[in-house]
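# Results of the structural survey
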Amino acid sequence: MEQLLVRCANAIESNDATLAQQILWVLINIAPPDGDSKQRLTCAFLRALIVRVAKSGTCKMLAAMSNARCNLSMTIHTHTFSIIELANYVDLTSWHRFGFTAANAAILEAVKGYSVVHIVDISSTHCMQIPRLIDTIANRLEGPPMVNLTVPGDSKQLPAMVDLTYEELGSKLVNFAWSRNVMLEFRVFPSAHADGFASLIDQLRLLHLVYAETGEALDLDINCHMMLHYIPEETLSPLPNANSIPYTFQLSSNQSMFLKALRGLNPTMVVLVDEDPSSATEDADLTSNNVVCRLKSALNYLWIPYDTVYMFLPKGSKQRQWYEAYISWKIENVVANKGLQRRWVQRMRKAEFRGVGFREEGISEVRRILMNMQLDGD
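Let me begin by describing the structure that accompanies this report. It should be emphasised that the depicted structure is a prediction, and the values quoted were computed from it without experimental measurement. (Residues numbered from 1 in each chain as written. Predicted model: local features only at pLDDT ≥ 70, side-chain atom pairs only at ≥ 80, totals over all residues. Heavy atoms only, no water.)

## A word on the overall build of the protein
Each helix and strand counted, the protein has 14 helices and 9 strands in total. Taken over 378 residues, the protein has a buried fraction of 51%. Sequence-distant contacts, at least 24 apart, represent 76% of the contacts inside the protein between residues at least 6 apart. About 18,800 Å² of surface is accessible on the protein, with carbon and sulfur atoms providing 54% of the total. (Helix = DSSP H or I, 4+ residues; strand = E, 2+ residues; numbered from the N terminus. Buried < 20%, exposed > 50% of the residue type's maximum accessible area, 1.4 Å probe, protein only. Contact = heavy atoms within 4.5 Å. Areas by Shrake-Rupley, 256 points an atom, 1.4 Å probe, with all protein chains shown as cover.)

Written out as structure tokens, the structure is:
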């Protein structure tokens, strides 16, 4: 199946509509969406390839795709999670567990010595990281700080979606913090990933000015968890000196502008949790300009959560369908959209951030999680 997917991707990239359609028909017949884990994974990649064609293919290729896709449902039926269901999913997936643990360790180090802490949580998991952070902050030797928590309220939610409003979520978090003797103020600013959270950045600038006028020492920590790659990479914007009509436009990177805007806020720390495999291993390079390379790397990388779900949830389980639908969004994001712009380390350095090493306590906690996963067979 991997060889067929690679040949199909090559045919699409070389605009060979006849060969692509032939391979598509084979894949549709041998990889049904309700098959075993390998077949379902293949089906998810097949959907992603068709989405890529829909975004960038020629008329001839689109015609070939439309003939083949009639037997393949292109809609990823995402489930609206309850908080308990989302918590179970987060616990099941290693990238969230590692991310939460490492990010919380970094934030805990940054809040030392501050009586007021402002955390901006730009997350795909609806603040699921925050209760553990509050629990740890509550045990700080010098006493817990006052915590201001700000989140962007995106009207068009991306997976995972939840069945409660941000106001309800905020109320639950405030009550939980109160039970731990932590004062928490929760704010939601309507802001969307589509424009790089522009309105959120504007509101943060205003808050920054307010605190500067009061002279109060503020610890500003910005936590970005598995969310930045949803920001569109390029958009058309007028050149600064375009005084004539028609205006001259240039391609701007929303992702790069967002990182530069964060740096302009002069935060104490920005924690970025996302997939940047190019900095870790050649076997999982999701950043190549070559879509075939990205597809092969993603296959080597994303079979792991599919296999995990297969091990822990029975066949036909609704939960398994929900979780795999969420992973399918990741597959589509890698195959249909992304390239070099996923290289976050280089891009953050370009935005004038510098890396900070983890303390031994945080490293030990991540190692403990890894050992437990190995013992559990994950």
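## A short note on the packing of helix H1 (residues 2–13) against helix H11 (residues 291–312)
H11 packs onto H1 with a crossing angle of 160° between their chain directions and a minimal axis gap of 9 Å. On the basis of their axis angle, the class for H1 and H11 is roughly antiparallel. Where H1 crosses over H11, the two elements pack in a sense that is right-handed. Across the interface between the two elements, Glu2, Leu5, Val6, Ala9, Asn10 and Glu13 from H1 touch Val291, Val292, Leu295, Lys296 and Leu299 from H11. Broken down by class, the residue content of the contact of H1 with H11 amounts to 7 nonpolar, 1 polar and 3 charged. (Axes fitted to C-alpha atoms, helices over the stretch in contact; angles between N-to-C directions. Parallel < 35°, antiparallel > 145°, perpendicular 65-115°, else oblique. Left-handed = near helix turned anticlockwise from the far one by under 90°. Nonpolar A, V, L, I, M, F, W, Y, C, P; charged D, E, K, R; others polar.)

## Let's talk about the nonpolar core
Formed by 98 residues in total, the largest nonpolar core has its most connected members in Phe45, Ile122, Leu149, Ile222, Phe258, Leu262 and Ile331. The contacts of leucine 149, once residues within four sequence positions are left out, are Ile119, Asp121, Cys127, Ile130, Leu173, Leu184, Glu185, Phe186 and Arg187. (Core = buried A, V, L, I, M, F, W, Y, C linked by side-chain atoms within 4.5 Å.)

## Things to note about the pairing of strand E3 (residues 146–153)
Burial analysis of E3 places 7 of its 8 residues in the buried class, which makes it a mostly covered element. Pairing analysis gives 5 bridges linking strand E2 (residues 116–123) to E3, with the strands arranged parallel. Across the sheet, the residue bridging to valine 120 is threonine 150, located in E3. (Pairing = 2+ DSSP bridges.)

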